[in-house]
Amino acid sequence: MSRKPSQLQLSPATRAAQALHRINEITGAVVPDIALASTFARDAEYNPRQSYIYARDGGPTVEHAEVVLADLDGAAGSLLFGSGMAAAVALFESLPVGAHVVAPNVMYHGVLTWLHRQAARGILRLTTFDAADPSALPRVLAGGDVALVWTETPINPNWDVVDIAASAKAAHAVGAKLVVDCTAASPCTTQALALGADMVFHSATKYLNGHSDITGGVLSTAKTGAEWDELRKIRTLMGSVMAGFEAWLLIRGMRTLFVRFERASANALRIARYFEAHPKITAVLYPGLPSHPGHAIAARQMLHGFGGMLSLLAHSGADARHIARSTQLFLPATSLGGVESLIEHRKAVEGPHSIVPDTLLRLSVGIEDADDLIADLEQALEHL
Ligand SMILES: *Cc1c(COP(=O)(O)O)cnc(C)c1O
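Quick caveat: nothing in here was measured; it's all calculated off a predicted structure.

**Examining the site of the ligand**
Line of reasoning, step 1. Close to the ligand lie 14 residues; M85, D181, S203, T205 and K206 are nearest.
Line of reasoning, step 2. At 2.8 Å from an oxygen atom of the ligand is found a main-chain nitrogen or oxygen belonging to M85.
Line of reasoning, step 3. D181 is positioned with one of its side-chain polar atoms (N or O) 2.6 Å from a nitrogen atom of the ligand.
Line of reasoning, step 4. Protein burial of the ligand: of its 380 Å² of free accessible surface, 92% is covered by the chains.
Line of reasoning, step 5. Among the elements of the structure, α3 (84–93) and β6 (199–203) are those that each provide at least two residues to the shell around the ligand.
Line of reasoning, step 6. The residue inventory of the shell around the ligand, partitioned by class, reads four nonpolar, seven polar and three charged.

So, in structure tokens, the structure goes:
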């Protein structure tokens, strides 16, 4: 007897591996088709077929990727954008003018820069808090009148871990929404909506796609309704939807998401343990290490690996920029979550006003052989 997959309880890894596709019933193709049309002809009654009108609203391949993403996040719906920043900007654009937003004082640089700019223009009010201090969020929320709490976990570039359930409780107690940037955790290991977040955000450029060949962003929501419809409308009007080809590459990337994430997490843990006791390194910032201040929360909230992101602090006086230039395997590039390992001197990237320590090296650990990666870092540290 043949068993239809719908009769089985499938794990998220299985569903992602098949991209919720199985086969094209007409051709038997085991890979989803790609739809690149920018416009869609109406039927004989002059109605849109299957709701598709124009690609700036979305299209079949974008929608397919969104269904896979909503499944990964356990969401009522997902919306895909041409970059993570486009998704974040659309979200802030959906708030009333003057809305009060609360966000960490250290977090992904681009989103924080956008919030500061909008606050300077009087478009929204911004209060920042120290996400490493669990009492800081309730304190700023007591200030009142907060529409949205944006947070991130683990947070760039210290990888502090934010307790999503506690943050949701604190936000909801004052009638605010909680949106969590889970880019570095990915839905493989952290289910932000199940923990109480109203929305989860990912830069799809990173783990979700995993091959450093597209930019993309996604918002997934616990509830659909008027606010969600408004976000979709904003995406159409701003023209910030992902294109069909990128959506197809993203679907392809998501099929290997779980194995890539598992391997990157295992590699990062090996590297973190190795360099924790290294004479040229003063600290390893990785939520998977028991020495990390966020480890207890991470152990509860990151259920299938601590991810591939970690930072090394070289001893003071060391030229960390020089180490970032001396690796042969780690590529000296920004971004994260790809199959290839990257090393970055954050301070140089963020500029002189950045509060990131000059000795901090951010690693995005890929899926290469862990011994090769360790040997590469060792030879780079020899230059010190
Ligand atoms: C990359 C990134 C973003 C922004 O996404 P883009 O796709 O680069 O626009 C937001 N948050 C985090 C944590 C990121 O790593």
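**Here we look at unusual backbone geometry**
With the exception of glycine, the majority of residues adopt a negative phi angle, and the majority of peptide bonds are in the trans configuration.
Line of reasoning, step 1. With an omega of -15°, the peptide bond running from T153 to P154 counts as cis.
Line of reasoning, step 2. Along the chain, P154 turns up in the loop between β4 (148–152) and α6 (164–173).
Line of reasoning, step 3. In this structure, the amide linkage connecting N156 to the following residue, P157, adopts the cis form with an omega of -15°.
Line of reasoning, step 4. With respect to the helices and strands, the residue P157 is situated in the loop between β4 and α6.
Line of reasoning, step 5. Even without a glycine there, the phi angle at Y46 is positive, about 70°.

**Examining the packing of aromatic side chains**
Line of reasoning, step 1. The tally for this structure, following the rule as stated, stands at six aromatic pairs.
Line of reasoning, step 2. Ring centres of F40 and Y52 lie 5.5 Å apart, and the angle between their planes is 35°; on these two criteria the pair is classed as tilted. One end of the pair, F40, is in the loop between α1 (12–17) and α2 (60–73); the other, Y52, is in the loop between α1 and α2, with 12 residues separating them in the sequence.
Line of reasoning, step 3. Relative accessible area serves as the criterion here: at 11%, Y52 is assigned to the buried category.
Line of reasoning, step 4. Consider the rings of F92 and W150, whose centres lie 5.4 Å apart with planes at 50°: the pair is tilted. Of this pair, F92 sits in helix α3 while W150 is found in strand β4, placing the two residues 58 residues apart along the sequence.

**Quick look at the sheet that holds strand β9 (residues 309–314)**
Line of reasoning, step 1. The mixed open sheet is built from five strands, whose spatial order is β8-β9-β12-β11-β10. A single partner strand is all that each edge strand has here, and the edge strands are β8 (281–285) and β10 (331–332).
Line of reasoning, step 2. Seen against the sheet, helix α10 (residues 257–276) touches β8, β9 and β12 (360–364) and runs at an angle of roughly 155° to β8.

**With respect to the environment of D372**
Line of reasoning, step 1. When you line up the elements, D372 lands in helix α14 (residues 370–381).
Line of reasoning, step 2. What makes D372 partly exposed here is its relative accessible area of 44%.

**Focus: the domain arrangement of the protein chain**
Line of reasoning, step 1. Segmenting the protein chain into domains produces domain 1 (7–254) and domain 2 (258–381).
Line of reasoning, step 2. Using only C-alpha atoms to locate each centre, domain 1 and domain 2 end up separated by 26 Å.
Line of reasoning, step 3. Contact residues are listed per partner, giving 36 residues for domain 1 and 33 residues for domain 2.
Line of reasoning, step 4. Counting each side, the surface lost to burial between domain 1 and domain 2 is near 2700 Å², with a carbon and sulfur contribution of 61%.

**A closer look at the state of the cysteines**
Line of reasoning, step 1. This structure, assessed with the given rule, holds zero disulfides.
Line of reasoning, step 2. The thiol of C182 is unpaired, and the distance to the nearest cysteine sulfur, on C188, comes to 11 Å.

**Some points on the packing of α3 against helix α8 (residues 226–238)**
Relative orientation and spacing of two packed helices are given, respectively, by the angle between their axes and the distance between those axes.
Line of reasoning, step 1. Relative to each other, α3 and α8 sit at 120°, their axes nearing to 9 Å. When the interaxial angle is binned, α3 and α8 end up oblique. The two elements α3 and α8 cross, and the hand of that crossing is right-handed. Across the interface between the two elements, V89, A90, L91 and E93 of α3 pack against L231, I234 and M238 of α8.
Line of reasoning, step 2. By residue class, the composition of the contact of α3 with α8 is six nonpolar, no polar and one charged.

Cut-offs used in this document
Residues numbered from 1 in each chain as written. Predicted model: local features only at pLDDT ≥ 70, side-chain atom pairs only at ≥ 80, totals over all residues. Heavy atoms only, no water. Near = heavy atom within 4 Å. Polar contact = N/O pair within 3.5 Å; in protein donor to acceptor, adjacent residues only side chain to side chain. Areas by Shrake-Rupley, 256 points an atom, 1.4 Å probe, with all protein chains shown as cover. Helix = DSSP H or I, 4+ residues; strand = E, 2+ residues; numbered from the N terminus. Nonpolar A, V, L, I, M, F, W, Y, C, P; charged D, E, K, R; others polar. Phe/Tyr/Trp six-rings, centres within 6.5 Å; stacked < 30°, edge-to-face > 60°. Buried < 20%, exposed > 50% of the residue type's maximum accessible area, 1.4 Å probe, protein only. Pairing = 2+ DSSP bridges. Contact = heavy atoms within 4.5 Å. Axes fitted to C-alpha atoms, helices over the stretch in contact; angles between N-to-C directions. Domains from an automatic or database assignment. Buried area = accessible area lost by both parts, 1.4 Å probe. Disulfide = S-S within 2.5 Å. Parallel < 35°, antiparallel > 145°, perpendicular 65-115°, else oblique. Left-handed = near helix turned anticlockwise from the far one by under 90°.

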